[in-house]
Amino acid sequence: MHIALVSLFPEMFEAVTGHGVTGRAVTQGLVQISHSNPRDYTTDKHRTVDDRPYGGGPGMLMKIDPLQQAIAAAREATGDSARVIYLSPQGQRLDHGKAVALSQEKALILVAGRYEGVDERLIEAEVDEEVSIGDYVLSGGELAAMVVIDAVTRHLPGVLGHELSAQEDSYADGLLDCPHYTRPEEYQGKPVPEVLLSGNHALIRRWRLKQALGRTYERRPDLLEGRASTAEEEELLAE
Ligand code: 6GU
């Protein structure tokens, strides 16, 4: 997958391109990253990238021309099929389903805004989808774009150690993850649940599923609304 980033702060993306699972995906060539910076498309002495909002009020907007040209450069880098995503709190919320859907695209253009935002006509002309990562305001779209990169990259073939990893993730089955335990066998007076030492993998799998169901019910009952449970889950709930 090619991911083209449109941002005034390309260095920020080292946080995902230079470390861990996402960094490895980049070095292995499973994800190709390119940058276009609106600042590079300014023509004035001060390289101005912001402009005043019509109607007045506090704050500035992204200046239209440099941003539009940076998006055009991103389209050139990715080819015409790229899906253009503008990160903003006004967008549709990113969730597991959206991350999986975006991972099916050949190319993404992630547009990170700064200041108070972007001219609405530019969004209408250039953007396919507005995406938010939650109900709070960030100072710019870069962190949100990095969240998208990380969540999407995990679903690309070959990125996680074994192919099943992403499918076994929390949320892949619509549930929260089960609790996990490592050594020592007793920690601060608390033992590891006995079943995990049993070596009975069928029993362990059922225990984990029951734990996942239980904590989803306790912590995020909203995730269970409208979710059809499997026959095995019904069995576990009846136990
Ligand atoms: Cl996508 N961008 C910004 N600037 N703030 C956010 C956001 C995005 N999602 C939640 N808050």
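As recorded in an unreviewed UniProt entry, the protein chain goes by tRNA (guanine-N(1)-)-methyltransferase and comes from Halioglobus maricola. Within the UniProt record for the protein chain, the comment given under Sequence similarities (unreviewed entry) is "Belongs to the RNA methyltransferase TrmD family." If you open the UniProt record of the protein chain and go to Subunit (unreviewed entry), you find "Homodimer."

Enquirer: Before we go on, may I ask you to explain the sheet that holds strand β7 (residues 129-132) in this structure?
Expert: Strand pairing in a sheet is mediated by backbone hydrogen bonds. Such pairs are either parallel or antiparallel. Strand order in the open sheet formed by five strands is β2-β1-β6-β5-β7, and the pairing between neighbours is parallel. Looking at the sheet topology across the chains shown, the edges are occupied by β2 (32-36) and β7. For this sheet, the mean inter-axis angle between neighbouring strands, taken without regard to orientation, is 35°. Strand direction decides the pairing type here: strand β5 (residues 83-93) and β7, joined by five bridges, are parallel. Considered in β7, the bridge of Leu 87 is made with Val 131. Strand contacts of helix α6 (residues 142-153): β1 (2-6), β5, β6 (107-112) and β7, with the helix running at about 160° to β6, the strand carrying the most contacts.

Enquirer: What exactly am I supposed to notice about unusual backbone geometry here?
Expert: Note on backbone geometry: most residues besides glycine have negative phi, and most peptide bonds are trans. Cis rather than trans, the peptide bond between Arg 183 and Pro 184 has omega equal to 5°. Within the element layout of this structure, Pro 184 appears in the loop between α7 (165-168) and β8 (186-187). The phi angle at Arg 47 is positive, at roughly 55°, despite the residue not being glycine. The topology assignment puts Arg 47 in the loop between β2 and β3 (50-51). We note that Gln 188 has phi near 50°; this positive angle belongs to a residue other than glycine.

Analysis parameters
Residues numbered from 1 in each chain as written. Predicted model: local features only at pLDDT ≥ 70, side-chain atom pairs only at ≥ 80, totals over all residues. UniProt positions renumbered as here; feature names shortened; annotations may be inferred. Pairing = 2+ DSSP bridges. Helix = DSSP H or I, 4+ residues; strand = E, 2+ residues; numbered from the N terminus. Axes fitted to C-alpha atoms, helices over the stretch in contact; angles between N-to-C directions. Contact = placed C-beta atoms within 7 Å.

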